[in-house]
Amino acid sequence: MPKLLRHVIPALFSVALACSAASSHAGEILIDFETLPGIDGVLGTADDTPAGNYQLQPLSNQYEQIGVIFNQGTLMQVSFFNGDPLNHFISSTNPIGYFTTAVTGISIDSYSYWDATLTAYGRDGNVLTSNTLTNPLAGSAFLRCVLSVTSSELIFGFSILPNNPNYILNLDNLRLTTAEVPEPSQIALLGAGLALIAGLRRRRRA
């Protein structure tokens, strides 16, 4: 084995290990709006707290700990969406929000009277992708379906809106696909490994 490779391969192996350890919290976040994250900042754990028994509850920073902040939206608690009188779902005010965690996919259940569009926005507010569900009986029958988008770029914001601002959508079970993002310390380690390889190559040329 050439002398350079004897040094480069271990360095590359170290970098690969750093990259494999770098993924943080990749997977899915489900917000069913029945509970709020507790001190640990994770939904689905023992310290979650109930969303509260309110017929109408404005959405803002209740899910900030898991990286979701609503600019607008309202939770309703009635049996309409799934037959459970204690069920919470978005209604009354249609949701607009943004993410402070790395998101590449969004889906949400809809049971609405009107057409609905889920739009994903990039860092600069540009539209990355959207999904419109058309109700063939809009205005006369409710349509139960799922709105869903995915993006190769990180999604920084979203909106779920009807085709008329005066219309109301009924939405529940927000699912977020989270991306694999290196931790800052691991990015630094990766950079150090690459710098080592570059240095070895310069020595080889000399």
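Residues numbered from 1 in each chain as written. Predicted model: local features only at pLDDT ≥ 70, side-chain atom pairs only at ≥ 80, totals over all residues. Heavy atoms only, no water.

## A word on the side chain of N94
Reasoning step 1: Looking at where N94 falls in the secondary structure, it is placed in the loop between β7 (88-90) and β8 (96-112).
Reasoning step 2: Side-chain polar atoms of N94 contact the backbone oxygen of Y167, separated by 3.1 Å. (Helix = DSSP H or I, 4+ residues; strand = E, 2+ residues; numbered from the N terminus. Polar contact = N/O pair within 3.5 Å; in protein donor to acceptor, adjacent residues only side chain to side chain.)

## Here's the deal with the packing of aromatic side chains
Reasoning step 1: The final tally for this structure, using the stated rule, is 13 aromatic pairs.
Reasoning step 2: Here the aromatic rings of F99 and F158 are separated by 5.1 Å at their centres, their planes lie at 20°, and the arrangement is stacked. One end of the pair, F99, is in strand β8; the other, F158, is in strand β11 (residues 143-162), and 59 residues separate them in sequence.
Reasoning step 3: Judged by relative accessible area, which is 5%, F99 ranks as buried.
Reasoning step 4: Centroid distance Y113 to F142: 4.8 Å. Interplanar angle 40°. Geometry classified as tilted. Separated by 29 residues along the polypeptide, Y113 in the loop between β8 and β9 (116-121) and F142 in the loop between β10 (127-133) and β11 bring together distant segments of the chain.
Reasoning step 5: Grouping aromatic residues by their ring pairs yields a cluster made of F80, F81, F89, Y111, Y113, W114, F142 and Y167.
Reasoning step 6: Just above the ring of Y111 sits the side chain of R144; from NZ or CZ to the centre is 3.9 Å. (Phe/Tyr/Trp six-rings, centres within 6.5 Å; stacked < 30°, edge-to-face > 60°. Buried < 20%, exposed > 50% of the residue type's maximum accessible area, 1.4 Å probe, protein only. Lys NZ or Arg CZ within 6 Å of the ring centre and 35° of its normal.)

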